Amino acid sequence: MKKVLLVPLDERPCNYDFPKMLVQGTNYELVMPPRDILGKKKHTGDTEAIWNWLFDNISNCDNAIISIDTLLYSGIVPSRLHQYKPEYLLEKLENLKMLKEKNKKLTLYAFNLIMRNPIYSSDEEEPDYYGEWGREIHLYGYINHKKELGIATDQELLDLEDIEKRLPQNYLEDYLIRRATNIQVNQAVVKLAAEGILDFVIIPQDDSSPYGLTAKDQQIMRDLIDSLNVNLKVYMYPDADAVANTLVARTINCLEEKRPLVYVKYSSSIGNSVIPLYEDRIVSESIKYQIMAAGGLVASSAEEAQIILMVNVPS
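Overview of the structure.

Cut-offs and rules
Residues numbered from 1 in each chain as written. Predicted model: local features only at pLDDT ≥ 70, side-chain atom pairs only at ≥ 80, totals over all residues. Heavy atoms only, no water. Helix = DSSP H or I, 4+ residues; strand = E, 2+ residues; numbered from the N terminus. Expected span 1.5 Å × (residues − 1). Buried < 20%, exposed > 50% of the residue type's maximum accessible area, 1.4 Å probe, protein only. Arc of directions from axis to C-beta. Core = buried A, V, L, I, M, F, W, Y, C linked by side-chain atoms within 4.5 Å. Contact = heavy atoms within 4.5 Å. 1 Å grid on protein atoms, 1.4 Å probe; cavity = no way out; pocket = protein on both sides within 12 Å on 5 of 7 lines; lining within 4 Å. Points joined across faces, edges and corners; volume = space filled by probe spheres on them. Nonpolar A, V, L, I, M, F, W, Y, C, P; charged D, E, K, R; others polar. Disulfide = S-S within 2.5 Å. Salt bridge = Lys/Arg side-chain N within 4 Å of Asp/Glu carboxyl O. Pairing = 2+ DSSP bridges. Axes fitted to C-alpha atoms, helices over the stretch in contact; angles between N-to-C directions. Polar contact = N/O pair within 3.5 Å; in protein donor to acceptor, adjacent residues only side chain to side chain.

1. Some words on helix H8 (residues 154-166)
Point 1. In a regular helix each residue adds 1.5 Å, so 13 residues correspond to 18 Å; H8 covers 19 Å between its end C-alpha atoms and thus fits that length.
Point 2. Looking at H8, one finds that the buried residues are Glu156, Leu160 and Ile163. For H8, the angular spread of buried residues about the axis comes to 65°, placing them on one side. Residues of H8 that are exposed and angled more than 90 degrees away from the buried face: Asp154, Leu158 and Lys165.

What follows is the structure in structure tokens.
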């Protein structure tokens, strides 16, 4: 039985239970931290306990998949609420180098989300002020981005002027500072991939759109990935809760030396060009990256494929 270590994104079934279900009946066992030390929605988990668990168990596993958001913030929701300074987080991140020193044979996959910027006002998984001002914060970033590109409409510019008058500056500053901190962590993760500390990285985008704060952060990351020439080691696409499952599949495919061919069939002739809600690109691009991230390749015909993926999208 081969052991694969997994530090999940949080305690929810999609992140904690589904990866276990994925390996049932195989020759692989997932080694995971106790659920009670992880973050639970807005309640912060014990990051020190998570790090200690990681170092205690890394020697027994030659393959590891780690959520950077869990290691630094204790989960996906705490990553949107914290008050950590960049220096503290970047120092913590350096501990990943010690993992490879502790286990010379280790293959290390990681994922680290670009912070989302929901279009709606809700404080269920965001800072408390987002319940009243979330929509305005989103539109502030959305319209400013279009303004920078020279494509904002006259009405949008009037809306932006109104938002800037009403939106409390302390809320906006708190939100933007946290985004700036998190993007520094994203950048540091990509640099660790360039150094060879991380063997493969996914930068998922949770609740993205073609314009706005998340789209601008994505461009910062794209420029860095290009400049460091790590396009084959660092993938960036819309996702969040499926990433651990994708990387478990990649791990097993690599260990089994398999590269499954997947043919994608859409329910309508233009289905592959639909841009889904909360995403920033056509669905066929996202699916292509998910297949490649899982260790597969997109087949050009059903005849040559080992797997046929049927995708039901609106026409």
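Now that the structure has been shown, we can carry on.
2. As for the nonpolar core
Point 1. Counting 69 residues, the largest nonpolar core has Leu54, Ile66 and Leu96 as its most contacted members.
Point 2. With seven residues, the single largest contributor to this core is helix H9 (residues 169-195).
Point 3. Apart from residues no more than four positions distant in its own chain, Ile66 is found in contact with Leu5, Val7, Leu54, Leu71, Leu96, Leu108, Tyr109, Ala110 and Phe111.
Point 4. Judged by nonpolar contacts, the second largest core, of 14 residues, contains Tyr130, Ile137, Leu139 and Leu213.

3. Re empty space enclosed by the protein
Point 1. Counted by the stated rule, this structure contains two cavities of 30 Å³ or more.
Point 2. The volume enclosed by the largest cavity comes to roughly 60 Å³.
Point 3. For the lining of the largest cavity, a count of residues per class yields four nonpolar, two polar and four charged.
Point 4. Its volume calculated, the second largest cavity comes out at about 40 Å³.
Point 5. Surrounding the second largest cavity, Asn117, His138, Asp207, Ser208, Ser209, Tyr211, Gly212, Leu213, Thr214 and Ala215 form its lining.
Point 6. Per-element tally for the lining of the second largest cavity: the top contributor is helix H10 (residues 213-227), with three residues.

4. Things to note about the state of the cysteines
Point 1. Counted under the stated rule, the structure contains zero disulfides.
Point 2. Residue Cys61 stays outside any disulfide, its sulfur separated by 17 Å from that of Cys254, the closest cysteine.
Point 3. Given a relative accessible area of 41%, Cys254 falls into the partly exposed group.

5. With respect to the pattern of salt bridges
Opposite charge on two side chains lets them pair, provided their charged atoms get close.
Point 1. Within the structure shown, the criterion is met by 22 salt bridges.
Point 2. For the salt bridge of Asp199 with Lys100, the shortest nitrogen-to-oxygen distance reads 2.9 Å. Of this pair, Asp199 sits in the loop between H9 and strand E5 (200-205) while Lys100 sits in helix H6 (residues 96-102), placing them 99 residues apart in sequence.
Point 3. Overall, the relative accessible area of 17% leaves Lys100 in the buried class.
Point 4. Through salt bridges with shared partners, one network takes in Arg80, Arg116, Glu125 and Glu126.

6. A short note on the sheet that holds strand E9 (residues 307-311)
Point 1. Strand order in the open sheet formed by three strands is E8-E7-E9, with parallel pairing between adjacent strands. Sheet topology places strand E8 (297-298) and E9 at the edges, where each strand pairs with a single neighbour.
Point 2. Pairing of strand E7 (residues 261-266) with E9 involves five bridges; the strand directions are parallel. Bridged to Tyr266 within E9 is Val311.
Point 3. Contacts between helix H12 (residues 283-293) and the sheet are confined to E7, E8 and E9, with E7 contributing the most and set at about 160° to the helix.

7. Re the environment of Val190
Point 1. Locating Val190 in the fold gives a position in helix H9.
Point 2. Measuring from C-alpha to C-alpha, the distance between Val190 and Leu228 comes to 8.5 Å, with 38 residues separating the pair along the chain.

8. A short note on H12
Point 1. When we look at burial in H12, the residues that qualify are Val283, Ser284, Ser286, Ile287, Ile291, Met292 and Ala293.
Point 2. On its buried side, H12 packs onto E5, strand E6 (234-238), helix H11 (243-255), E7, E8 and E9.
Point 3. Downstream of H12 by a residue or two, Gly295 has a phi angle that is positive, lying close to 100°.

9. Here's the deal with the layout of surface pockets
Point 1. Of the pockets and cavities examined, the largest pocket occupies roughly 190 Å³.
Point 2. Along the wall of the largest pocket there are 13 residues; nearest its centre are Ser208, Ser209, Leu277, Tyr278 and Glu279.

10. Remarks on the side chain of Gln205
Point 1. With respect to the secondary-structure elements, Gln205 resides in strand E5.
Point 2. Here Gln205 falls in the buried class, since its relative accessible area comes to 1%.
Point 3. Engagement of the side chain of Gln205 in a polar contact is seen with the side chain of Gln218, the distance being 2.6 Å.
Point 4. Gln205 has contacts with Ile114, Gln218, Met236, Tyr237, Pro238, Asp239, Asp280 and Arg281, leaving out every residue within four places of it along the chain.

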